[in-house]
Amino acid sequence: MAHVDLTSAIEQMEMMEEKLGITFGGLSAFLDHDEDDDWEPTLTVTGEIISTSGDPLEDDIEIKIAAYDSQGRVVAKASEYIDEESFAGFDVFDVSLETPVPDIVKIRIFPVK
């Protein structure tokens, strides 16, 4: 089984983070793929979400992640919800995406309300 570190492929959408008063930190991305197995490759993105002001969130936030192949196509997407009521200024997340191809070259992460 191949375990490939794709952390350097992560791109943050910092304008969107600033708009919502959060930032992402400690990000990592790993692709697990077994060529001898019928399972699709799995990309796992892990990180922290941090309030830039220390204040609680005004709304729930959805963390969206998109994976792109070498042709620039979005080949997988996933999201994780952060509840405003339970967010205390810092949290960690872990999102897994099944990808139809193992050649992931870019991973975008961004928050939306």
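Described below are features of the structure shown in this document. Please read these numbers as outputs of a predicted model, since none were measured by experiment. (Residues numbered from 1 in each chain as written. Predicted model: local features only at pLDDT ≥ 70, side-chain atom pairs only at ≥ 80, totals over all residues. Heavy atoms only, no water.)

## So, the side chain of E17
Quick reminder of the rule: Runs of H or I in DSSP of at least four residues are treated as helices and runs of E of at least two as strands, each being numbered from the N terminus. Remark: exposure states derive from per-residue accessible area (1.4 Å probe, protein chains only) relative to the maximum for the residue type, with buried under 20%, exposed over 50%, and partly exposed in between. The charge count includes Lys and Arg as positive and Asp and Glu as negative, but it does not include His or the ends of the chains. Salt bridge, as used here: a side-chain nitrogen of Lys or Arg that lies within 4 Å of a carboxyl oxygen of Asp or Glu. Side-chain atoms alone can form a polar contact between residues adjacent in sequence; in general such a contact is a pair of N or O atoms within 3.5 Å, and within protein one must be able to donate a hydrogen while the other accepts it.
In this fold, E17 is placed in helix α1 (residues 14-20). One buried charge, E17, has no salt-bridge partner; the nearest side chain with opposite charge is R108, at 11 Å. At 3.2 Å, the side chain of E17 forms a polar contact with the backbone nitrogen of F24.

## Digging into the pairing of strand β8 (residues 104-112)
What counts, and what does not: By definition, two strands form a pair when at least two bridges between them are found by DSSP.
Of the pairings in the sheet, the one linking strand β2 (residues 10-12) to β8 comprises 3 bridges and is parallel in character. When the bridges of β8 are listed, I10 appears paired with I107. Looking at chain direction, strand β5 (residues 61-69) and β8 are connected through 8 bridges and run antiparallel. Looking across to β8, one finds that I65 is bridged to I109.

## Details of the environment of V4
Note the cut-off: The contact definition used throughout considers only heavy atoms, calling two residues in contact when any of these lie within 4.5 Å.
Mapped onto the elements of the fold, V4 is located in strand β1 (residues 2-5). Overall, the relative accessible area of 36% leaves V4 in the partly exposed class. When the C-alpha atoms of V4 and P102 are compared, they prove to be 9.8 Å apart, with 98 residues separating the residues in sequence. For V4, the residues in contact, after removing those within four places along its chain, are A29, F30 and L31.

## Topic: the packing of aromatic side chains
As a reminder, the rule being used: Whether two aromatic rings pair depends on their centres lying within 6.5 Å, for rings of Phe, Tyr and Trp, where Trp uses its six-membered ring; planes under 30 degrees apart make the pair stacked, over 60 edge-to-face, and the rest tilted. Lysine NZ or arginine CZ positioned within 6 Å of the ring centre and within 35 degrees of the ring normal marks a charge as sitting over the ring.
According to the stated counting rule, one finds 1 aromatic pair in the structure shown. Between F24 and F93, the ring centres sit 5.8 Å apart and the planes meet at 75°, which makes this aromatic pair edge-to-face. Here F24 is found in strand β3 (residues 22-33), whereas its partner F93 is found in strand β7 (residues 90-98), with 69 residues between them in sequence. By the burial criterion, F24 is buried, and F93 matches it. Above the ring of Y68, the side-chain terminus of K106 is found at 4.4 Å from the ring centroid.

## Examining the nonpolar core
Selection rule: For the purposes of this section, nonpolar cores are sets of buried Ala, Val, Leu, Ile, Met, Phe, Trp, Tyr and Cys residues that join through side-chain atoms within 4.5 Å.
With 28 residues, the main nonpolar core has L43 and I107 as its most contacted residues. Broken down by secondary-structure element, the contributors of at least two residues to this core are β3, β4 (42-51), β5, β6 (74-82), β7 and β8. Among the elements that take part in this core, β3 stands out by supplying 5 residues, more than any other. Setting aside anything within four residues of it in sequence, one finds L43 in contact with L6, A29, F30, L31, A67, V95, S96, L97, T99 and I107.

## Quick word on the pattern of salt bridges
Following the criterion strictly, the structure yields 3 salt bridges and no others. Salt-bridge contacts for K113 lead to D59; the nearest nitrogen and oxygen are separated by 3.3 Å. Placement of the pair is K113 in the segment after β8 and D59 in the loop between β4 and β5, with a sequence separation of 54 residues. Judged by relative accessible area, K113 falls into the exposed class, the value being 64%. Residue D69 pairs with R73 through a salt bridge whose shortest N-O separation is 2.6 Å. The exposure class assigned to D69 is buried, which follows from its relative accessible area of 2%.

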